[in-house]
Amino acid sequence: MAEKAFHVLKDGSIVEVLIGNVTDEIKHDIFLCSGCEGACKAEVIPVREGPRPCFRIKRGQHHKSGCQNDESLAAQIRRVLDHTGHTTSIEELYELFDRPQVEVVKKEKRKGTKENKVNDQDDEEEFDDIRAIQRELKNPKNLRELCALFSKSSLDDIYAGMKIGDIFLDHRNIADIRKKGIPEGQLAIVLCAKISVERIKKLVPEVPDQAIVLGDAYSYADKEKQLLCIIPCTANAKRIIFNSDSKKKIIAVFGRWHQDPFNKSVYTCEPIKEGRVFCAEESFYEW
Ligand SMILES: [Zn+2]
């Protein structure tokens, strides 16, 4: 919540202003985010009412990657994460997220812990919190955190020795990926969405047992070039994808992808468990 912003004056010059100094006369003027040492310049609006008056991002506007005034959930998650990945690798994270959560749930039940504890690393969680307070940056511990990190980073940034744009397929690079494809056998997170049964029947006549078919999340139903993802997965992963809240339209799938030899826009990933899928509302990926 920014208390300061740039006020654009009539002559086009800008001057920093505190939210408390925004008067009725200027409240409809243009204000720009002064984050990233003044480089952000996303349009913001003054919110003078409420317990914490501040400047908020204008609808449709986006903070620069890393802007301290970005209050979105993904930006907040990213702040406690290491942005370089120098102590991990994509392979390592891929293996880590594969941890079978079903066993964890059973363990929890045995222990009689509360339902909001989602894994068996309570001690580690606490430790993580302390580390966050000490401002030590950690590696993502699940796909949700990794998606937050990548969606709020530039696709040209390097993470764990790889260009983020090569391993995270979202609205920014999907058009490119549709053209050049995903390199054979590469690990990548594809943001997917459900597609109709009719379309699946038409485009993927033979869906392997235990697999589901999703499309990339950034295409219209009638667009031919949409990437189609055949995802062999466990019953639990399926349950997460199909039973999730209907608002959670974007399904991130962390897979090792292989292109169909006969249909260049169809990819199959190696079998995955629930830790390699993450469902979120579209707003999670607003950058
Ligand atoms: Zn900003």
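Residues numbered from 1 in each chain as written. Predicted model: local features only at pLDDT ≥ 70, side-chain atom pairs only at ≥ 80, totals over all residues. Heavy atoms only, no water.

## Some thoughts on the coordination of the zinc ion
To keep things clear, this is the line we draw: Each metal's donors are the N, O and S atoms within 2.8 Å of it, or within 3.2 Å when it is Na, K or Ca, and because water is not part of the set, sites may look incomplete. Note on geometry labels: four donors, all angles 85 to 135 degrees, give tetrahedral; four donors become square planar and six octahedral when opposite donors are over 155 degrees apart and every other angle is between 65 and 115; remaining cases are irregular. Working definition: with a 1.4 Å probe on protein chains only, accessible area under 20% of the residue-type maximum means buried, over 50% means exposed, and in between means partly exposed.
Around the zinc ion, the protein contributes the donor atoms Cys-33 (SG), Cys-40 (SG), His-63 (ND1) and Cys-67 (SG), at 2.1 to 2.3 Å from the metal centre. Seen from the zinc ion, its 4 donor atoms lie at angles of 104 to 117°, and the figure they make is tetrahedral. Taken in chain order, the donor set of the zinc ion reads C-x6-C-x22-H-x3-C. Both residues of the pair, Cys-33 and Cys-40, belong to the buried class.

## Comments concerning helix 9 (residues 235–243)
We apply this condition: Runs of H or I in DSSP of at least four residues are treated as helices and runs of E of at least two as strands, each being numbered from the N terminus. Throughout, the arc means that of the directions going from the helix axis to the C-beta atoms.
Every buried residue belonging to helix 9 is among Asn-236, Ala-237 and Ile-241, and all of these are buried. Buried residues of helix 9, viewed axially, fall in a sector of 135°; they line one side. Facing away from the buried side of helix 9 by over 90 degrees, the exposed positions are Ala-235 and Asn-243.

## Let's talk about helix 5 (residues 143–151)
Here is the rule we go by: Pairs of N or O atoms within 3.5 Å make up the polar contacts considered here, provided that, within protein, one atom can donate a hydrogen while the other can accept it, and that residues adjacent in sequence are counted only when both atoms are side-chain atoms.
The buried fraction of helix 5 amounts to 8 of the 9 residues, a majority that puts the element mostly inside the structure. Among all positions of helix 5, only Leu-143, Glu-145, Leu-146, Cys-147, Ala-148, Leu-149, Phe-150 and Ser-151 are buried. In this structure Asn-142 caps helix 5, since a side-chain oxygen of it lies 3.3 Å from the backbone nitrogen of Arg-144.

## Observations regarding the pattern of salt bridges
Heads up, the rule is: Any Lys or Arg side-chain nitrogen found within 4 Å of a carboxyl oxygen on Asp or Glu counts as a salt bridge.
For the structure shown, the criterion picks out 14 salt bridges. When the shortest N-O distance is used, the salt bridge between Lys-141 and Glu-145 registers 2.9 Å. Across the pair Asp-216 and Arg-178 runs a salt bridge whose closest N-O atoms are separated by 2.9 Å. Taken as a pair, Asp-216 in strand 10 (residues 211–216) and Arg-178 in helix 7 (residues 174–180) lie far apart in primary sequence, 38 residues in all.

## Points about the packing of aromatic side chains
Counted only if it meets this: Any two of the Phe, Tyr and Trp rings considered here, Trp counted by its six-membered ring, make a pair once their centres fall within 6.5 Å; the pair's planes then place it as stacked at under 30 degrees, edge-to-face at over 60, or tilted in between.
A complete count under the given rule lists 7 aromatic pairs for this structure. Taken together, a centroid distance of 5.2 Å and an interplanar angle of 75° make the contact between Tyr-94 and Phe-254 edge-to-face. Residue Tyr-94 is found in helix 2 (residues 90–96), and its partner Phe-254 is found in strand 12 (residues 250–259); the two are separated by 160 residues along the sequence. In this pair, the class of Tyr-94 matches that of Phe-254, namely buried. Judged by centre distance (5.3 Å) and plane angle (75°), the rings of Phe-150 and Tyr-159 are edge-to-face.

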